[in-house]
Amino acid sequence: MFSYIVRRLAFGLLTIIGVSIVVFVVMRILPGDPLVAIFGPDGYTKLPEQERASLMAQLGLSDPLWLQYWRWVKDIARGDFGRSFFRSESVAEMILRRGPLTAQIAFLSVLFSWLVGIPVAIVSALRPNSWADNVVRFFSILFLAIPGFWFGMLMVLGLLFTFGYRAPLTGASLLTDPWTTLQIIIGPAIVLGLGQAAYIARLARSSLLEIIREDYVRTARAKGLDGRRVIALHALPNALLPVITLSGLLLGFVLAGSIPVERAFGTPGLGLAMFTAVSERDVFVMQNLVFLYAVVFVVLNILVDIIIAWLDPRIRYQ
Amino acid sequence: MTATKPEIATVPRQTALPDEPSRWSRIRHWLYRFMRQSPMSAFWGVIAIAIVSVAVLAPVIAPYDPMRSNFRTMTKPPNEKNVFGTDQIGRDTLSRVIWGSRASLTVAFAAVLLGTTTGALWGLACGFFGGRFDIGSQRLIEFMQSFPDLVLAMAIAMALGAGTGTVIIAIAITRIPFGGRVIRSVVLSLKEMPFVEAARGLGASNMRLMFRHIRPQCIAPFLILATTHLGVAIIIEASLGFLGVGIPPPQPTWGNMLSDALNSGLVPPWWLVLFPGAAITVTVLAFNLLGDGIRDQLDPRLRRAI
């Protein structure tokens, strides 16, 4: 187990290095001058040659690319995520202030997706092709097709029209003001959670259907255990292994999905910061945020792999 | 969803007729079987065709010019003249939704075709040649898959600047790894087959082996991949539009219409939110269900893989 973890971590480090190169290539080397992004195509052409050169030097953009890359990696290793062109707050401070809200949304949505997805999958798998199963499958296909941000906008409008309710827009921390925080995160969490629940219900259903046909489940039933115990204690734990993997993967996608969803709700989380950076064409903030999202994604995948290896010895010994 | 018969669908039915049936009758036969075996998918397939026709015929169908504003009818709820209402500067929402289908479908089709084809060719080469080239490629694909799709697409679209072409490229790049992985695994198993050995023994070149002997077997997984990814591509396109890195306004897309609605004030008018989003949902639903049906028909074994 220990050697598996070490191997996985070493491999993860390699992936993160690769990811940093990809981010750097996309944000710096692709045609598209950062100055054009900052000043817009019109402002850029009006910029005098001298000023352009001095700005480039000031931003470190006239150095060779490998030096720029090296400096960026060194800054990040020190925890310095740079500064926005348009704001006084450093990016590191912004991440610390806004990150928790997005993390809470993500975890609440995963919790929600399990609470909805798993029971629904059990009902569906125990009576395949019954009306309940068909309803479940219809909704899981439907929720795969609904864009989360649109669902979010509808939810905001619906609450406003029927109850005159609008979630608070400025955040507090979970510790000092849990009630306000909950009001902020519950909407995005439900929207993102239902989207995940659709995937989870689908996978859990097919995985449970397969496991139920296994010999050991029949043995458990044959020795006289009642059906509920067989499902809950014998079949479900094995059926949930692929679901855990999927859920970890989805958690990464939720972080990305929360960018438009947070915009729809006006939630002041990291996703909204990403949106602001994009609409202000703030290349350096964007570069660091994209890298952060990718690192979180990679780390989550490693964690899931380790959890799965811990739960399932077959993987450890491969 | 729909019950598939246990027969393997890729094996053509033996017709016992001495002469080959014509191409047209084969297609008709296939369509007939498709409708009988997965009526749900066939139904949604018809809807998908209808949506594509709306996109193609947009200039004929749309009652108004989607870009022209009319200051007499600003922010009007749905009525007899503007069935879906009008936006803040008096543009007809129905016309914009109709024209929006053009942008969404163009981007989705082009991106999926470009991305999946690139990925498939890459996967073909990886699986066929193996060795160092394959190992390096797999690492690179892993790095590409270390980003959530939307984040990667956003970064690329932002770096390249707004426009239809950039959105297509941004979404296409996020589709490459899927094509690469699936086709590579198909090729890996095909490569060891006796018919490939035989062709090699007869002195066929690598190119001939790859494109003449192995490629035909990759068509079914390729088609399945492409159709199942259309829905995802449409959602990513809408999200990019919603986040302001998609096709820029005034050209209407479903995503930037929703973004406009949100920018219009604290409380967006409901008709500006409902209709573009409903269009996205119905379109994605149609393509997803059609894709499921095509997968079940062409190769039910791929159900778990894709």
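Residues numbered from 1 in each chain as written. Chains lettered and ligands numbered in written order. Predicted model: local features only at pLDDT ≥ 70, side-chain atom pairs only at ≥ 80, totals over all residues. Heavy atoms only, no water.

### A word on the environment of B:Ala111
All names here are of chain B. Rule in force here: Working definition: helices are DSSP H or I runs of at least four residues, strands are E runs of at least two. Numbering for both runs from the N terminus. Residue contacts are defined here by distance: any two heavy atoms, one from each residue, within 4.5 Å place the two residues in contact.
Looking at the element boundaries, Ala111 is found in helix 4 (residues 93-129). For the pair Ala111 and His229, spaced 118 residues apart in the sequence, the C-alpha separation amounts to 9.7 Å. Other than its neighbours up to four places away in sequence, Ala111 contacts Thr116, Ile168, Ile171 and Ala172.

### Comments concerning the domain arrangement of chain A
Keep this limit in mind: Where each domain begins and ends follows an automated or database-derived domain assignment.
As far as domains go, chain A holds domain 1 (34-80) and domain 2 (95-317). Using C-alpha coordinates to define each centre, domain 1 of chain A is positioned 39 Å away from domain 2 of chain A.

### Focus: the pattern of salt bridges
Side chains that differ in sign of charge can pair as their charged atoms come close. Residues and elements named next belong to chain B. Counted only if it meets this: Counted as salt bridges are all cases of a side-chain nitrogen of Lys or Arg within 4 Å of a carboxyl oxygen of Asp or Glu. Accessibility here uses a 1.4 Å probe with only protein chains present; expressed as a share of the type maximum, an area under 20% marks a residue as buried, one over 50% as exposed, and anything in between as partly exposed.
For the structure on display, the rule yields twelve salt bridges over all chains. The partner of Glu142 in a salt bridge is Arg181, and the shortest N-O contact between them spans 3.4 Å. Linking Glu142 in helix 5 (residues 131-144) with Arg181 in helix 7 (residues 164-191), this pair joins segments that are 39 residues apart in sequence. Owing to a relative accessible area of 22%, Glu142 belongs among the partly exposed residues under this scheme.

### Examining the side chain of B:Asn288
Residues and elements named next belong to chain B. Locating Asn288 in the fold gives a position in helix 11 (residues 270-298). Of the residues examined, Asn288 reaches a relative accessible area of 16% and is grouped as buried. Ignoring sequence-local partners within four residues, the contact set of Asn288 consists of Thr228 and Gly231.

### As for the packing of helix 4 of chain B against helix 11 of chain B
Residue and element names in this part refer to chain B. Note the cut-off: Axis lines are fitted to C-alpha atoms, over the contacting stretch for helices. Their N-to-C directions set the angle, which ranges from 0 to 180 degrees. Left-handed describes a crossing in which the near helix is turned anticlockwise from the far one by less than a right angle; the clockwise case is right-handed. Under this grouping Gly is polar, as are all residues other than the nonpolar Ala, Val, Leu, Ile, Met, Phe, Trp, Tyr, Cys and Pro and the charged Asp, Glu, Lys and Arg.
Interhelical geometry of helix 4 versus helix 11 gives an angle of 35° and a closest axis separation of 11 Å. When the axes of helix 4 and helix 11 are compared, the crossing they make is right-handed. Facing Thr93, Val97, Leu105 and Phe109 of helix 4, the residues of helix 11 in contact are Trp271, Leu272, Phe275, Pro276, Ala279, Thr283 and Phe287. In the contact of helix 4 with helix 11, the residues fall into nine nonpolar, two polar and no charged.

### A look at the side chain of A:Thr15
Definition in use: Any pair of nitrogen or oxygen atoms within 3.5 Å is treated as a polar contact; in protein, a donor-acceptor pairing is required on top of that, and neighbouring residues in sequence qualify only through side-chain atoms on both sides.
For A:Thr15, the location among the structural elements is in helix 1 (residues 2-29). Within the structure, the side chain of A:Thr15 is placed 2.9 Å from the backbone oxygen of A:Phe11, a separation counted as a polar contact. Excluding residues that lie within four positions of it along the chain, A:Thr15 makes contacts with A:Val298, B:Phe143 and B:Ser146.

### So, helix 7 (residues 148-163) of chain A
Operational definition: Expected helix span is computed as 1.5 Å times (number of residues minus one). The arc refers to the directions leading from the helix axis to the C-beta atoms.
A rise of 1.5 Å per residue sets the reference length of helix 7 of chain A, with its 16 residues, at 22 Å; its end C-alpha atoms lie 22 Å apart and thus fit the reference within 8%. Three or more residues of helix 7 of chain A are buried, namely A:Phe149, A:Trp150, A:Gly152, A:Met153, A:Val156, A:Leu157 and A:Leu160. Seen along its axis, helix 7 of chain A keeps its buried residues to an arc of 165°; they face one direction. Seen from the open side of helix 7 of chain A, the exposed residues pointing more than 90 degrees away from its buried face are A:Thr162 and A:Phe163. Against helix 8 (178-212) and helix 10 (227-265) of chain A together with helix 9 (206-242), helix 10 (254-263) and helix 11 of chain B lie the buried residues of helix 7 of chain A.

### Some points on the packing of aromatic side chains
Definition in use: What counts as a ring pair is set by centres within 6.5 Å for rings of Phe, Tyr and Trp (its six-membered ring), and what kind of pair is set by the plane angle: stacked under 30 degrees, edge-to-face over 60, tilted for all other angles. Note on criteria: charge over ring means Lys NZ or Arg CZ within 6 Å of the ring centre, with the direction from the centre no more than 35 degrees off the ring normal.
Evaluation of the coordinates by the stated rule reveals 14 aromatic pairs over all chains. With centroids separated by 5.7 Å and ring planes inclined at 70°, the aromatic side chains of A:Phe143 and A:Phe151 adopt a geometry described as edge-to-face. Looking at A:Phe143, the relative accessible area reads 18%, which means it is buried. Through pairs of rings, three or more aromatic residues link up here, namely A:Phe24, A:Tyr69, A:Trp72 and A:Phe291. Directly above the ring of B:Phe242 sits A:Arg263, whose terminal nitrogen or CZ lies 4.9 Å from the centroid.

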